[in-house]
Amino acid sequence: MTSSMTTTAPANPTSTSPARSDTLLDFSDVEMKFPNGTVALHGVDLTVNRGEFVTVVGPSGCGKSTLLRIASGLERASQGTAAVKTDRIGYVFQDATLLPWRTVEANVELLAELNGRSASERTVKAQEAIDLVGLSGFEKNLPKELSGGMKMRASLARSLTLDPELFLFDEPFGALDEITRERLNDELLRLFVEKQFAGLFITHSVSEAVYLSTRVIVMSGRPGTIVDTFDVPFPMPRSPEIRFEAEFGKLVGEVSHALREGHH
Ligand SMILES: Nc1ncnc2c1ncn2[C@@H]1O[C@H](COP(=O)(O)OP(=O)(O)OP(=O)(O)O)[C@@H](O)[C@H]1O
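I will try to describe carefully the structure that is included in this document.

Reading the values: rules and limits
- Residues numbered from 1 in each chain as written.
- Predicted model: local features only at pLDDT ≥ 70, side-chain atom pairs only at ≥ 80, totals over all residues.
- Helix = DSSP H or I, 4+ residues; strand = E, 2+ residues; numbered from the N terminus.
- Rg over C-alpha atoms; globule rule 2.2 N^0.38 Å.
- Contact = placed C-beta atoms within 7 Å.
- Expected span 1.5 Å × (residues − 1).
- Buried ≥ 20, exposed ≤ 12 C-beta atoms within 10 Å, placed from the backbone.
- Arc of directions from axis to C-beta.
- Core = buried A, V, L, I, M, F, W, Y, C linked by C-beta atoms within 7 Å.
- Domains from an automatic or database assignment.
- Pairing = 2+ DSSP bridges.
- Axes fitted to C-alpha atoms, helices over the stretch in contact; angles between N-to-C directions.

1. So, the overall build of the chain
At step 1: Scanning the chain from N- to C-terminus turns up seven helices and nine strands.
At step 2: Relative to its length of 264 residues, the chain is compact, with a C-alpha radius of gyration of 18 Å against a globular reference of 18 Å.
At step 3: A principal-axis box enclosing the C-alpha atoms of the chain has dimensions of 50 × 45 × 35 Å.
At step 4: Here the contacts in the chain between residues at least 6 apart in sequence split such that 75% fall between residues at least 24 apart.

2. Here's the deal with helix α3 (residues 119-132)
Each α-helix winds once per 3.6 residues, and so residues spaced three or four apart point in a common direction.
At step 1: Along its 14 residues, α3 runs 20 Å from first to last C-alpha, staying within 8% of the 20 Å computed at 1.5 Å per residue.
At step 2: For α3, the set of buried residues is Arg 122, Lys 125, Ala 126, Ala 129 and Ile 130. Projected down its long axis, α3 carries its buried residues within an arc of 130 degrees, all on one side. For α3, the exposed residues lying more than 90 degrees away from the buried face are Ser 120 and Asp 131.

3. Brief notes about unusual backbone geometry
At step 1: Cis geometry is found at the peptide bond from Arg 222 to Pro 223, where omega equals -5 degrees.
At step 2: Among the secondary structure elements, Pro 223 is positioned in the loop between β8 (215-219) and β9 (226-231).
At step 3: Here Met 236 and Pro 237 are connected by a cis peptide whose omega angle stands at -5 degrees.
At step 4: Its place among the elements puts Pro 237 in the loop between β9 and α7 (246-262).
At step 5: Despite not being glycine, Asp 163 shows a phi value in the positive range, around 45 degrees.
At step 6: Structurally, the position occupied by Asp 163 is in the loop between α4 (148-160) and β6 (166-170).
At step 7: For Asp 163, a count of 12 C-beta atoms within 10 Å translates into the label exposed.
At step 8: For Gln 196, which is not a glycine, the phi torsion comes out positive at approximately 60 degrees.
At step 9: Structurally, the position occupied by Gln 196 is in the loop between α5 (178-195) and β7 (198-202).

4. A short note on the nonpolar core
At step 1: By size, the foremost hydrophobic cluster in this structure holds 72 residues, and its most contacted members are Ala 157, Leu 166, Leu 168, Val 210 and Val 255.
At step 2: Residue contributions to this core reach at least three from each of two domains, namely domain 1 (10-88 + 165-264) and domain 2 (95-163).
At step 3: Beyond its immediate sequence surroundings of up to four residues, Leu 168 is in contact with Leu 68, Ala 71, Ser 72, Ile 89, Gly 90, Tyr 91 and Leu 200.

5. Looking at α5
At step 1: For α5, which comprises 18 residues, the first-to-last C-alpha distance of 25 Å matches the rise-based estimate of 26 Å (1.5 Å per residue) to within 8%.
At step 2: Within α5 the residues assigned to the buried category are Arg 181, Leu 184, Asn 185, Leu 188, Leu 189 and Phe 192. Taken down its axis, α5 places every buried residue within 145 degrees of arc, on the same side. Those residues of α5 that are exposed and aimed more than 90 degrees away from the buried face are Ile 179, Val 193 and Glu 194.
At step 3: Here the buried face of α5 lies against β3 (53-57), α4, β7 and α6 (206-212).
At step 4: Trailing α5 by a residue or two, Gln 196 shows a phi angle of about 60 degrees, which is positive.

6. Notes on the sheet that holds strand β2 (residues 39-49)
At step 1: Read from one edge of the open sheet, three strands run β2-β1-β4, paired in antiparallel fashion. Only two strands of the sheet have a single neighbouring strand rather than two, namely β2 and β4 (79-84). Taking each pair of neighbouring strands and ignoring which way they run, the sheet shows an average axis angle of 15 degrees.
At step 2: Here five bridges tie strand β1 (residues 23-33) to β4, and the two strands are oriented antiparallel to one another. Pairing of Asp 26 across the sheet is with Ala 83, part of β4.

7. Some words on the sheet that holds strand β5 (residues 89-92)
At step 1: Taking strand neighbours across the sheet as the criterion, the six strands line up as β5-β6-β7-β3-β8-β9 in an open arrangement whose pairing is mixed. Edge positions in the sheet fall to β5 and β9, since each has one partner strand and no second. If you compare each strand with its neighbour and ignore which way they point, the axes differ by 15 degrees on average.
At step 2: Judged from the five bridges that link them, β6 and β7 form a sheet pairing that is parallel. Across the sheet, the residue bridging to Phe 167 is Gly 199, located in β7.

Here it is, written out as structure tokens:
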């Protein structure tokens, strides 16, 4: 059963067993007002269904990370309904947050370990995830021996061990160079098609948003509200060449325009 809280009462993501419903995240009229009076989000309605990869773009400080933090349960919305209908959530931050004294393998096993999985199951899951993200051969390396892109791969692998149904990404590739970023975009799309999780992704790059997503959400400046939504029609799997197609460029232009219009 899926439960949710209603308006006026403070909302909190409600984790339940995987439901029959196709909707994994359902935000209705969500507001976030911090104790210091800052209103980060106002009247946010957002759903993420199975099979969807939804990306949020918006000006700096408009509340994108706050939105993700509410979805993950790290933050509690001050008003509205914030329902998350799965307890299998992956979360990848801009920083890879690897433990420096643990090898890649031991870092990737961490979440499974904290979730009480047996040692043998952890090893199998971790190896599978390491293979999936293309880090085979680096199992025994320490984080300081990895490039920025490899660290993000390890971070992705760590979440994959939990077989997330809903994957939250807070600008994971923002600090990477363009080529590494594009390569990781392709890897992520491949994983999305193969593992069939739903995605909620934050980025400052409009072309990354259009390339990765089935839907792009544009937020206004603070307090963040949704000012526009774009369905992305290109079928999955996508090849990197679509970035050079006219239709792709046109959509990037439209999203960029909405982003500029949404600035306060
Ligand atoms: N704990 C907090 N207490 C008070 N204000 C906060 C808190 N956390 C965030 N804020 C404020 O809420 C607003 C939204 O912050 P948030 O990090 O969600 O924005 P963002 O859109 O992710 O920004 P960026 O794109 O720069 O990462 C900002 O003005 C920020 O200063």
